[in-house]
Amino acid sequence: MATKYESNMVLSSKQYKVVGTRPVRHDGTDKVTGRAKYGADYQTSGLLYGKILRSPHAHANIRSIDTSKASAYPGVRAIMTGSDLPDTKNEPGQDRKVTLGELSTDLKHLREHLMATKKVIFRGQPIAAVAGVNQHVAEEATKLIEVDYEILPSVTDVRDAMKDGAPLLHDDLETLEFEEKTGKISNIAEHFQNRIGDVKKGFSDADIVVEREFNTATVHQGYLEPHNCTVHWNDDGRVLVWHSSQGPFNIRDATAQVLELPHSQVKITPMEIGGGFGGKFEPYGEPIAAVLSKKAHAPVKIVMSRTEEFESTGPTPGSYIRVKMGAKNDGTIVAAEAYLAYEAGAFPGSPVGAAGECVFGPYSIDNMQVDGYDVVLNKPKTAAYRAPGATNAEFASETVVDELAEKLGMDPIELRLKNAAKEGTRRADGTPYGSIGCVEVLEALKDHPHYTDPLEGPNTGRGVAVGYWMNAGLQSAVNLSVHNDGTVALTEGSPDIGGSRTSISMQAAEVLGIPAEDIHPSVVDTDSIGWTFGTGGSRTTFATGMAAVEAARDVKTQMLERAALIWEVDVESLEMPDGEVRSKTDAELRMTFKELAAELNNTGGPVIGRGSVDAKGQGGAFAGLLIDVEVDPETGKISVLRATIAQDAGKAIHPSYVEGQMQGGTVQGIGWALNEEYFMDDEGRMANSTLLDYRVPLALDLPMIDTVIVEVPSSSHPFGVRGVGEVNIVPPPAALANAVYRAIDVRMNVLPMSPVNVMNTIWEQESN
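Residues numbered from 1 in each chain as written. Predicted model: local features only at pLDDT ≥ 70, side-chain atom pairs only at ≥ 80, totals over all residues. Heavy atoms only, no water.

**Q** Explain the overall build of the chain here, please?
**A** Within the chain, the regular secondary structure consists of 20 helices and 32 strands. Its C-alpha atoms give the chain a radius of gyration of 27 Å, within 12% of the compact-globule value 27 Å for 768 residues. Principal-axis analysis of the C-alpha atoms gives the chain an extent of 85 × 75 × 50 Å. For the chain, restricting intrachain contacts to residue pairs at least 6 apart in sequence, the fraction spanning at least 24 positions comes to 79%. Carbon and sulfur atoms make up 48% of the accessible area of the chain, which amounts to about 28,600 Å² in all. Positive and negative side-chain charges of the chain, numbering 71 and 105 respectively, have mean locations separated by a distance of 2 Å. (Helix = DSSP H or I, 4+ residues; strand = E, 2+ residues; numbered from the N terminus. Rg over C-alpha atoms; globule rule 2.2 N^0.38 Å. Contact = heavy atoms within 4.5 Å. Areas by Shrake-Rupley, 256 points an atom, 1.4 Å probe, with all protein chains shown as cover. Lys, Arg positive; Asp, Glu negative; His and termini not counted. Charge placed at Lys NZ, Arg CZ, Asp CG, Glu CD.)

So, in structure tokens, the structure goes:
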């Protein structure tokens, strides 16, 4: 294992020919020259433009909708309202869940989310839509639609929404308690509990106990490209979609379900995607554009504005969290308890379940109890955002762990190492860990010069935190086709957000023994590849990579069979190491991959390899962050001075892309921690729904972020891969809060740690 630290390091031992190298990105030329085509770039003959009328109220009954004036507006070709979508009703005992990436929802709720019928329950909820000959016509026509509302009281705070007597969003939402119906109608969709050991006994055995409350605001994923789609309901009955998304198959299936069509009747062609981070798994416009297209007998394009993105798509949940932890004087954590109340937005389905799995994920604790609450309120429906639920939860738990270390007089990393999760450790939900790298990540932070370098200047502090995310596997398919010149076409169904075309191609190349540049990858439409779960959950390089390995092995088998046919020998006497086919016994019998490829048409035709997996055993991921800050006690402004992130990648297929994920997640976590929030008024209006007012980090706000890639191979993957896209966003808020404490002796328990919130906390502490 490497011992000398540089700005970006890989702590690794096993070497491969292709895996672990840094080839040029396959789609790089198109991306940097601007030739890559994104969803909004799609054009076709007879294209119409759609615009959606959205509710100006957070909670209101719809008395009537009059579209007559809009219909008469010149250039309008079609208008739709909620009555144009199939009336979805849930029959007793019927499970009509729709999987939307890392979260899911009920089909009835998805349909109402797409287009309200009798009631609106968040500002920005669609009411009607218009298709016009251009964007101006469509926008002007929506202004002519007259809607009569009966405004109702709204609720936008999770604790207020949980109270008896709070305004009810749904009159048929029955609270589930431990998966059992309670008969109670409320805004609490579900209460679950994870428990291990005896928490009461654990706390009675503790020498020191820390309990704190935390509040986190709603945050948006902040992708640059807005949601978009172009849909043509063809005359043959098929619905053809071109769009940018993370999950073409997920959105295909959801769109088909909403429209009550067979899945095979919807075909989605994914375009390039300008960011998603978990927020582009839902069909916000596709079913609407489909209905407009059917009415107008023409394709319809819908592209959201930035304000629509903020007000009408899925942000992260705000949350209220209580964490209590107890430890012995020797630093052994003996008990942990968490209360997690998460905002689901207007419809059930927050990531509180994932939060319950992750909140104490980095630790081995004998006694744990986690209570989670999924709560609806008058805000946009929550969607995934990079390790959904975990950042909120571990902001709370990692701040408490830091306070335990302080009260025990222990080094904060030493306390974490003493209690670190290892193989066999059980999470609060009872799931045991396989091979994991929590200890190795903590040791990498401890050994890094950043941890011991002096930190000078007044009001400066250094914080540390570690985060956990469980990752995902799921279904993927890959096809490989060998060309006569020895190059290989790779087709897959995973949209490429962070370089996955290359990381998947590299795995196929490693198996075949050829350069990564000889693989030509394409992300294809849903008719051209087997069902593939979307790009999310840190699953793509892991699961689609496994499918590529399987397809490459299939190719390898067939290539050996072709060589055996040419040489008239038993295939068992041949081998194919390093891209060369050769005999195990006759040194004269050898051909390169390219030479054999040139003979394929003379020996039976094309060689096509197929890989299809339902990947299991993905293995959890851990990341740790060291961060230095300077705090201005007069204004509350926090400046980030230095940051170092260590993360277990299992095996870094392309280290540059892993480093990019680590740095990107850290930056987003810093923004979440310091600036970003939905600033909502009491009536459910978002006051900062532009990128001018919603403050994301800029390059000038950040230092260079050093990375340390730790490699503890996953036993479930041929090359030891574990997902790297999400866990890096988890530790920044807690690490920053811990750094702020060391800078100004104030414990922050609210996100964001904006200047206003920092000053309020300082003044509150001074008044006590």
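**Q** Mind showing me how you'd approach the packing of aromatic side chains here?
**A** Aromatic ring pairs are defined here through the distance separating the ring centres and the angle between the ring planes. Counted under the stated rule, the structure contains 15 aromatic pairs. When the ring of Phe-281 is compared with that of Phe-533, the centres are 6.4 Å apart and the planes differ by 45°; the resulting orientation is tilted. Within this pair, whereas Phe-281 is found in the loop between strand 16 (266-270) and helix 8 (286-296), its partner Phe-533 is found in the loop between strand 24 (519-523) and helix 16 (540-567), the two being separated by 252 residues in sequence. By relative accessible area, Phe-281 is classed as buried at 1%. (Phe/Tyr/Trp six-rings, centres within 6.5 Å; stacked < 30°, edge-to-face > 60°. Buried < 20%, exposed > 50% of the residue type's maximum accessible area, 1.4 Å probe, protein only.)

**Q** Sorry if this is basic, but what is going on with unusual backbone geometry here?
**A** Glycine aside, the phi torsion of most residues is negative, and most peptide linkages are trans. The omega torsion of the bond from Leu-751 to Pro-752 falls at 5°, within 30 degrees of zero and hence cis. Relative to the assigned elements, Pro-752 resides in the loop between strand 32 (750-751) and helix 20 (755-767). With a phi close to 55°, Asn-459 is a non-glycine residue in the positive phi region. Of note, Asn-459 is situated in the loop between helix 14 (449-452) and strand 21 (460-469). The class for Asn-459 is partly exposed, based on a relative accessible area of 30%. The residue Asp-745 is not glycine, and still its phi comes out positive at about 65°. Within the fold, Asp-745 resides in the loop between helix 19 (732-744) and strand 32.

**Q** What should I look at first to understand the side chain of Asp-496 in this one?
**A** As for its placement among the helices and strands, Asp-496 is situated in the loop between strand 23 (488-492) and helix 15 (500-512). A relative accessible area of 3% places Asp-496 in the buried class. A distance of 3.0 Å separates a polar side-chain atom of Asp-496 from the backbone nitrogen of Arg-501. Setting aside anything within four residues of it in sequence, one finds Asp-496 in contact with Arg-25, Asp-27, Glu-272, Ile-273, Arg-501 and Val-523. (Polar contact = N/O pair within 3.5 Å; in protein donor to acceptor, adjacent residues only side chain to side chain.)

**Q** Would you take a moment to explain empty space enclosed by the protein for this structure?
**A** Sizing a probe to match a water molecule and rolling it over the atoms shows the empty space that remains. Under the definition given, this model contains 5 cavities of 30 Å³ or more. Put simply, the largest cavity is a space of about 90 Å³. The wall of the largest cavity is formed by 14 residues, among which His-227, Asn-228, Tyr-284, Gly-285 and Glu-286 lie closest to the centre. Broken down by class, the residue content of the lining of the largest cavity amounts to 6 nonpolar, 5 polar and 3 charged. Considering only enclosed or pocket space, the second largest cavity measures out at about 60 Å³ in volume. Taken together, Arg-54, Leu-110, His-113, Leu-114, Phe-122, Pro-126, Glu-282, Pro-283, Tyr-284, Met-304 and Ser-312 make up the full set of residues lining the second largest cavity. Taken together, the residues of the lining of the second largest cavity sort by class into 7 nonpolar, 2 polar and 2 charged. (1 Å grid on protein atoms, 1.4 Å probe; cavity = no way out; pocket = protein on both sides within 12 Å on 5 of 7 lines; lining within 4 Å. Points joined across faces, edges and corners; volume = space filled by probe spheres on them. Nonpolar A, V, L, I, M, F, W, Y, C, P; charged D, E, K, R; others polar.)

**Q** It is not clear to me how the pairing of strand 3 (residues 60-66) should be interpreted in this structure. Could you clarify?
**A** Here is the key point about a regular strand: its side chains alternate between the two faces of the sheet. For strand 3 and strand 7 (residues 119-120), the ladder comprises 2 bridges, and the chain directions are antiparallel. Each residue of the ladder has a partner; that of Ala-60, found in strand 7, is Val-120. Sheet analysis places strand 3 next to strand 9 (residues 146-151), joined by 6 bridges and oriented antiparallel. Pairing of Ile-62 across the sheet is with Tyr-149, part of strand 9. (Pairing = 2+ DSSP bridges.)

**Q** Honestly, the packing of helix 3 (residues 107-114) against helix 7 (residues 248-259) in this entry has me stumped. Any pointers?
**A** What describes two packed helices is the angle between their axes and the distance between those same axes. Where helix 3 contacts helix 7, the two axes come as close as 10 Å, and the packing angle between them is 85°. Taken as axis vectors, helix 3 and helix 7 run roughly perpendicular relative to one another. Judged by residue contacts, Leu-107, Leu-110 and Leu-114 of helix 3 engage Ala-254, Gln-257 and Val-258 from helix 7. For the contact of helix 3 with helix 7, the class distribution of residues is 5 nonpolar, 1 polar and no charged. (Axes fitted to C-alpha atoms, helices over the stretch in contact; angles between N-to-C directions. Parallel < 35°, antiparallel > 145°, perpendicular 65-115°, else oblique.)

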